[in-house]
Amino acid sequence: ELELPPATVKVDTVPPAMTARLVGKRLVWRGRDAETPWLDLRLRLVEDDHNTRLVQLGKKPLRGSMRLFPKRGTWHTTLIARDSTGNRTDVPLGAK
């Protein structure tokens, strides 16, 4: 039998620091988080009548951009970013 010394396991509890904006139909984001290699991105879209859609964008690098194909209408948009341990940051993007 091999005896190992006690070990401390730490869990990341700090959400990623995020900036994001819409440039025309392109979403541009930048995350800072020393503890994660990727972000799980989603868009929450809320119409004026409070109808809500959640669009999963998937695992993405800490910084990047992608073209969006929005449906017609005015949507109040929020980017939801989760790091690899599930810590969440919401970034309001405004109405488009």
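Residues numbered from 1 in each chain as written. Predicted model: local features only at pLDDT ≥ 70, side-chain atom pairs only at ≥ 80, totals over all residues. Heavy atoms only, no water.

Asks: Describe the layout of surface pockets, and please don't skip the residues or the numbers.
Replies: Summary: where empty space remains is shown by rolling a probe the size of a single water molecule over the atoms. Within this model, the largest pocket holds a volume of roughly 350 Å³. Around the largest pocket sit 16 residues that line it, and Leu45, Leu68, Phe69, Pro70 and Lys71 are the ones nearest its centre. Of all the elements in the fold, those that place two or more residues in the lining of the largest pocket are β3 (39–47), β4 (52–60) and β6 (75–82). Broken down by element, the lining of the largest pocket gets its largest block of residues, three residues, from β4. (1 Å grid on protein atoms, 1.4 Å probe; cavity = no way out; pocket = protein on both sides within 12 Å on 5 of 7 lines; lining within 4 Å. Points joined across faces, edges and corners; volume = space filled by probe spheres on them. Helix = DSSP H or I, 4+ residues; strand = E, 2+ residues; numbered from the N terminus.)

Asks: Can you tell me about the pattern of salt bridges, naming the residues and giving the values?
Replies: Side chains that differ in charge, positive against negative, can pair when their charged atoms come close. Within the structure shown, the criterion is met by three salt bridges. Between Arg44 and Asp90 there is a salt bridge whose closest N-O contact spans 3.9 Å. Of this pair, Arg44 sits in strand β3 while Asp90 sits in strand β7 (residues 88–95); the two residues are 46 residues apart in sequence, bridging distant segments of the chain. According to the relative accessible area criterion, Asp90 is partly exposed, its value standing at 33%. Across the salt bridge formed by Arg88 and Asp90, the nearest N and O atoms sit 2.7 Å from each other. Residue Arg88 is classed as partly exposed on the basis of its relative accessible area of 36%. Three or more residues are tied together by salt bridges with common partners; here these are Arg44, Arg88 and Asp90. (Salt bridge = Lys/Arg side-chain N within 4 Å of Asp/Glu carboxyl O. Buried < 20%, exposed > 50% of the residue type's maximum accessible area, 1.4 Å probe, protein only.)

Asks: Outline the sheet that holds β3, listing residues and values.
Replies: Spatial strand order, β4-β3-β6-β7: four strands in an open sheet with antiparallel pairing. Every other strand in the sheet has two partners, leaving β4 and β7 as the edge strands with one partner each. Across this sheet, the average inter-strand angle for adjacent strands is 20°, counted without regard to direction. Bridge analysis of β3 against β4 gives eight bridges, and the strand direction is antiparallel. The residue of β4 that forms the bridge with Leu43 is Val55. (Pairing = 2+ DSSP bridges. Axes fitted to C-alpha atoms, helices over the stretch in contact; angles between N-to-C directions.)

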